Amino acid sequence: MAGRASTKELAPIEHESSMAKVAAKEVSKLVVLGGPWVVGMLTFGVGSAFHVILDSDDPNVIAWTVFLLAVAVLVLTGVTYGQSHARGVWGRTHTTLTTLLAGLWVTAATINGPATVVTGRLMLIGGFTLALTWNIRTIIRLKGVDVAAVAADPLSALFGAGAERAGLAIEARTTAASEHKVEGAVQLEAGKQTAEDLQRKVPYIESGIGLPPGSITASIDPDDASKAHITISDPRVMKRPIPWPGPSRPGASIAQPLRTGLWQDLDEVAHIIVGHHVQIMGQTGSGKSIGGAWNYIAEIVTRHDAAVFAIDVTKGEQTLGPLKEALHRFETTKAGAKALIREMQAKVKERTDQLAAMGLQKWKEGCGLTYWVLWLEECPDILDLLTDKEMDAFLSLLKAIRSAGGTVVLSLQRSDYTQMPTLARGQLAKLCFGVESGADAAFGLSESQQDAGARPEIWSNKQPGMAYLDAPSISEARIAMPQRTYAWGIDAKGQFDDERANEAMRAHAAQWPASAKQVDEGTAELSRLAVVEHLETDDQEEREVVEDVAAEYQTVDDPDPEITAGLDDEIPDLPEGDPPWEFAPPAVEMTAAERGAALLAHLQGLWEGGARDFATRDLRPLWESTDMSRAWAQKNLRKLVEAGVLGYDDDAQRYLMEKRPEV
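So, a few notes on the structure that sits alongside this text. Since we're looking at a predicted model, the values are computed, not measured.

### A short note on the packing of helix H10 (residues 334-357) against helix H12 (residues 388-404)
Where H10 contacts H12, the two axes come as close as 9 Å, and the packing angle between them is 35 degrees. H10 and H12 meet at a crossing whose hand is left-handed. Taking contact as the criterion, the partners of Lys338, Ile341, Met344, Gln345, Val348, Arg351, Thr352 and Leu355 in H10 are, on H12, Glu390, Ala393, Phe394, Ser396, Leu397, Ala400, Ile401, Ser403 and Ala404. Per-class residue counts for the contact of H10 with H12 are 10 nonpolar, four polar and three charged.

Below you can see the structure in the form of structure tokens.
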């Protein structure tokens, strides 16, 4: 009963509040419409006051008064004209003419009086007409956009109206306009506003104008902190897949831009990948593999001085398999992945020495070395394979390979500290596809993109291929502008088809095979390409002979050269009476609870030994003596951090123990 009584009391209050809001809104409209009439009466009062106060028979007084009034009218008219530069032609003319006519009437009323035949009728008829023109203009602006103003200065009219509704008193002017976008400069209030303030208000400005979310992109003016750059475009043009148009610069250098898609304003994405590493992040189904990996690699393999080395131990050949013929090396096994990283890291110094001998501090086009692109698909599963020593070698590779002529691309779903080393994450350009939440977006975007209002969470995985890109070769004005990567396998109806996409990619890879590319000696040694010779037989038929390349990778002498065998030789059975082969016993299998207890006991042992922080490598005894894996340990350490049992220092990449770990 009490609950019902409360409900009955609240209803009238809510109704009363709503009625009050409606009444306030209508009153505000009346105030706006009544403004010109109030100004007219004030103008009449000023003219009357000047006539009474300055009434004199002295010609000199009258002459100086008229002169000063004329100067004041000209100054006010000039100021009005200058301050209304952001308005359209009609708006600028209207405000300037109103100031001029009002000033001339005050001058005339000062000399002849406000109620004479001429001045009185001018005020009655002219003032009435002028006030009505302002009322008509106000009503039209309340109903919609000032079309004339938009035609004269699109950005000024649209953006200015939205900014005013969002509570920002700023001016804008158009610098460029095309069929798909409007660009311009925004003058902020000096000393009180910055570009970051504007970026935070962008969603409200879009709401004030009635534009779709993501229509406005704001960026910092690098030359003036009191200004910002604005681009208005229509995000709805990106809702449908965009078919891949083919390679942009086949046969050119990798130092030339890669075209991987279109920006929201329909300009082509032009990303120069040389000299930095890239993180590609997005949730499952967001397009980071087909939209990201396929478009980048499809462009890279067409460049004459680039070689792609790829690893995918998670999906094997499912994602990158169609590209296999164009790759210089593709590893899908754990052993192969570790070997490629180890061998590549070992060759970095050799390459830097070669560049130093040429007098170069870093790789450049035409230096004679093939540019390396190491592509790590689903990289957390790859990094989990590495021991602490191998991880240190990988981080060393990441730091040194840029100047040696290489880029590492790491693709994953969520780049938190459990999936990506903090040291690595800080060195990566960011390509972020759709994510599940704003919290996930923080791991895929740079700080500049977050400040500029990039929101990949609005796509989730419902618009595959949509992404934001912040990289050294991308202008500040575009880091928060959405792009859509090209789609492969689009049929005549504009629908995506997996089989068609795989077929198209295989055809592209066959057109640009890695085996047909001229590379430097070090790249050839790192590659795993079969060497094929075509021999003519007596009946002129060709057969392929694959050279045995195993000898190239043999690092120790043959322990028993007397034992020889061919690839086609049969393996004989063991003679009767010989003991059977014995293998090492399997590791002790543990339950999840037993692993957790072992992990906690190890942490408590570290605490009792005086340790107050530790790194993952300090848990090595666990996975050397039990069936606990490094990945399992990292996953459960994260749970302990989330539960507050442990802390974590991102900068030092170490777990913290403020007290003895207890669960």
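### Focus: a nonpolar patch on the surface
On the surface, a cluster of nonpolar side chains totalling about 600 Å² of accessible area is made up of Trp64, Phe67, Leu68, Val71, Val75 and Val79. Relative to the helices and strands, Val71 resides in helix H2 (residues 59-83).

### Structural notes on the sheet that holds strand S1 (residues 171-177)
Strands sit in the order S1-S2-S4-S3 across an open sheet of four strands; the sheet is antiparallel. Two strands in the sheet have a free side with no partner beyond their single neighbour: S1 and strand S3 (216-220). Averaged over neighbouring strand pairs, the angle between their axes works out to 25 degrees when direction is ignored. When S1 meets strand S2 (residues 181-187), the two strands line up antiparallel, connected through six bridges. Each bridged residue has a counterpart across the sheet, and for Ala172 the counterpart in S2 is Val186. In the packing of helix H7 (residues 195-209) onto the sheet, the strands contacted are S2, S3 and strand S4 (227-233), and the crossing angle to S3 comes to about 165 degrees.

### Here's the deal with the side chain of Gln279
Note on placement: Gln279 falls in strand S6 (residues 277-281). Judged by its relative accessible area of 0%, Gln279 is buried. A polar contact is formed between the side chain of Gln279 and the backbone oxygen of Phe443, at a distance of 3.1 Å. Each residue touching Gln279, except ones within four places of it in the same chain, is listed here: Leu410, Leu412, Ser415, Met420, Arg425, Leu428, Ala429, Lys430, Leu431, Phe443 and Gly444.

### A closer look at a negative patch on the surface
A contiguous patch of negative charge, built from Asp497, Asp498, Glu499 and Glu503, is present on the exposed surface. Within the secondary structure, Glu503 is located in helix H16 (residues 498-511).

### Digging into the environment of Tyr371
Relative to the assigned elements, Tyr371 resides in strand S9 (residues 371-376). Counting along the chain gives 33 residues from Tyr371 to Ala404, while the straight-line C-alpha distance between them is 8.6 Å. Ignoring any residue separated from it by four or fewer positions in sequence, one finds Tyr371 in contact with Ile254, Ile273, Val274, Gly275, Asp305, Ala306, Ala307, Arg351, Trp363, Gly405, Gly406 and Thr407.

### Looking at the pairing of strand S11 (residues 428-433)
In terms of burial, S11 is largely enclosed, as six of its six residues are buried. Bridge count between S6 and S11: five bridges; the pairing is parallel. Bridge pairing in S11 links His277 to Leu428. Sheet topology note: the S11/strand S12 (residues 466-470) ladder contains four bridges and is antiparallel. In the strand pairing of S12, Phe433 is matched with Ala467.

What counts as what
- Residues numbered from 1 in each chain as written.
- Predicted model: local features only at pLDDT ≥ 70, side-chain atom pairs only at ≥ 80, totals over all residues.
- Heavy atoms only, no water.
- Axes fitted to C-alpha atoms, helices over the stretch in contact; angles between N-to-C directions.
- Helix = DSSP H or I, 4+ residues; strand = E, 2+ residues; numbered from the N terminus.
- Left-handed = near helix turned anticlockwise from the far one by under 90°.
- Contact = heavy atoms within 4.5 Å.
- Nonpolar A, V, L, I, M, F, W, Y, C, P; charged D, E, K, R; others polar.
- Patch = residues over 30% accessible without salt bridge, like charges linked within 9 Å, V, L, I, M, F, W, Y side chains within 5 Å.
- Areas by Shrake-Rupley, 256 points an atom, 1.4 Å probe, with all protein chains shown as cover.
- Salt bridge = Lys/Arg side-chain N within 4 Å of Asp/Glu carboxyl O.
- Pairing = 2+ DSSP bridges.
- Buried < 20%, exposed > 50% of the residue type's maximum accessible area, 1.4 Å probe, protein only.
- Polar contact = N/O pair within 3.5 Å; in protein donor to acceptor, adjacent residues only side chain to side chain.
- Lys, Arg positive; Asp, Glu negative; His and termini not counted.
- Charge placed at Lys NZ, Arg CZ, Asp CG, Glu CD.

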